[in-house]
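The residues making up each chain are set out below.
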Amino acid sequence: MTLRRIWSWIIILLGAAYFLLPLFGMLQFSLKMKRGVYSFEAYRVVLRDPQFQQTFSYSVILALLTIVIGTLIVVPTAYWVRLKLPRLRPVVEFITLLPLVIPPIVIVFGYIRLYNTSSVLPLTGSWIGTNILVLFGYTTLALPYMYRAVDTGLRAIDVATLTEAAQSLGASWTRILATVILPNVLVSVLSGAFLTFAIVIGEYVFAALLNLNTFGPYMVWMGGNRAYEPSALAVIAFGITWACMGLIQLFTRFSKFSSAKR
Amino acid sequence: MTSTTTSVPDTPGRRKLPLLWLGVAPFAIFVTMFLLLPTLNIVVGAFQTSTGSFTLDNIRQLNTDLIRSAYFISIKISLVSAVLGCAIGFAIAASLVFGDLPKWLRAPLMTFSGVASNFAGVPLAFAFIATLGPVGVITVFLRDDIGINLRVLGFNLLTYYGLIIVYLFFQIPLMILIITPALDGMKREWREAASILGASTLQYWWFVALPILFPSLLGTFALLFANSFGAVATAYALAGPAFTLVPITLFSQIRGDVLGNPQLGFALAFGMILITGIANVIYIVLRTRAERWIK
């Protein structure tokens, strides 16, 4: 028993070393911009950079819009499939998992081919079109996580009874979705949303190939041209990822308490 | 379509069928336009000449030294990082579940896995450059304070081995996240039953635990493989277009036709779909087999 325990500790500690050293390295490096002393100089430079402010807020907006589009597509679909088309479930599930199998670079390559300026729907030709394209692209990337989260959430509630109750009170489909189903799966939607946020905020391939100045291409540019700032950016990105995951945990735990009370 | 799980009154008669399918119409349109058609376009393009007629020439042209080695290296890196990610992740998850470790350790480790598995791409590359790069914190520390020069020892982050080390940062946590619930599901009674029948720990793991875990192990392996096979941002932020991996080559090709033949890009992309597709078909086939065995 004790031998097993010792081995477990060794494995955990080795693992911890592997994971913590790069984080330590990036943090330490980001503080070394001023020679000889630790300072937040790199962060100051980054945060004051108008390019940073511009690209970062652009990515935040894209992430938020992706979450909205994703929710609008995923929640009604998952609900409808559970309620009315259960036979379709394996098909829908399979499709939602496809973005994990088809590499993102192939998907965006397809976009460029399908929606280029000489096509029927020349989305890449205009600023607004490119943004629509990248938003739906990000929604595609988020689809596996969003769908699974919402579908799991729907499993926990009695969709059929809730729908019947709402219908007998005269609610329309949109009203059922917005005021009955959505609040019930809100925690799932939020976990999917935070994960989506973490994915979209630093995304590189879609943005780079569609020529959009988002946070991802900005980071790559900084990486090629600066020494200390990239580490500061990495720390910021890590902080965002951590915050997203922390919020997911928080909401899930919160929902456990509230459902236990019921 | 009359099968509904509920007694919800449907609109009667002729309008019933369209309404039923109308509910999934937005989803269908969305995935057709932004997932299925783009992919199909690439697959079809791989078998077309620039004027649109059928050809196998694009596929044949993949058979150059550059592209062959790109596929070879990509597959090798993905396999190695998936195998190591599975093995190490499994070891950590097993320590966590069966290792008599303090209970408080578990929650932070799982949260951290969630964070690390999503901390991929550009920032991850920066973190490793700051740590193990030429002037990285550890590199400098080892050189100046301990006297070990990693460069002299032949270590370089910007090699394929370095890339695997970086990829493991998101591969291992992904494995931990997926396999821990599976390990939790293993009943203590199985182990007791095995040991009563005289099985050693090794025999228990080989004959009892492993076959049960096989489907989840395999599924995670396929996922990890696809995960690193399609990754562009991490490798690109690490070394620019210097790595001749398939996705990096495709990235450069889309940006500026470096292969000198636009149709070749389709073939390259088609090859990527084919490989991740095959990995998943193998997974599905083996999984059905493994599950039949369990029943």
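Residues numbered from 1 in each chain as written. Chains lettered and ligands numbered in written order. Predicted model: local features only at pLDDT ≥ 70, side-chain atom pairs only at ≥ 80, totals over all residues.

**Remarks on the overall build of chain B**
Selection criterion: For helices the rule is a DSSP run of H or I covering at least 4 residues; for strands it is a run of E covering at least 2, with both sets numbered from the N terminus onward. Two things to know: the radius of gyration comes from C-alpha atoms, and the globule rule equals 2.2 Å times the number of residues to the power 0.38. Any two residues are considered in contact once their C-beta atoms, placed from the backbone, lie within 7 Å.
On a plain count of helices and strands, chain B comes out with 13 helices and zero strands. Taken from N to C terminus, the helices and strands of chain B fall in the order α-α-α-α-α-α-α-α-α-α-α-α-α. In summary, chain B has a C-alpha radius of gyration of 24 Å against a globular reference of 19 Å for 295 residues, an excess of more than 25%. Along the first, second and third principal axes, the C-alpha atoms of chain B reach 75 × 60 × 30 Å. Residue pairs in contact within chain B that sit at least 24 positions apart in sequence constitute 75% of those at least 6 positions apart.

**Overview of the packing of helix α4 (residues 65–98) of chain B against helix α8 (residues 160–184) of chain B**
Residues and elements named next belong to chain B. What counts, and what does not: Orientation is described by lines fitted to C-alpha atoms, with helices fitted over the stretch in contact, and by angles between N-to-C directions that extend from 0 to 180 degrees. Any angle from 65 to 115 degrees is called roughly perpendicular, while one under 35 is roughly parallel, one over 145 is roughly antiparallel, and all others are oblique. Crossing handedness: left-handed means the near helix sits turned counterclockwise from the far one by under a right angle, and right-handed means the same turn made clockwise. Gly falls in the polar group here, along with every residue not listed as nonpolar (Ala, Val, Leu, Ile, Met, Phe, Trp, Tyr, Cys, Pro) or charged (Asp, Glu, Lys, Arg).
Relative orientation of the contacting elements α4 and α8 amounts to 45 degrees, with a least axis distance of 6 Å. When the axis of α4 is compared with that of α8, the two are oblique. The interaxial crossing formed by α4 with α8 has right-handed handedness. Considered class by class, the residues forming the contact of α4 with α8 number 23 nonpolar, five polar and one charged.

**Comments concerning the packing of helix α3 (residues 50–83) of chain A against helix α6 (residues 127–155) of chain A**
Residue and element names in this part refer to chain A. Two elements in contact, α3 and α6, have axes separated by 8 Å at closest approach and are oriented at 45 degrees. Considered as vectors, α3 and α6 are oriented oblique to each other. Seen from above, α3 lies across α6 with right-handed handedness. Between α3, through L62, L65, T66, I69, G70, I73, V74, V75, A78, Y79 and R82, and α6, the contact on the second element is made entirely by V134, L135, Y138, T139, A142, M146, Y147, V150, D151 and L154.

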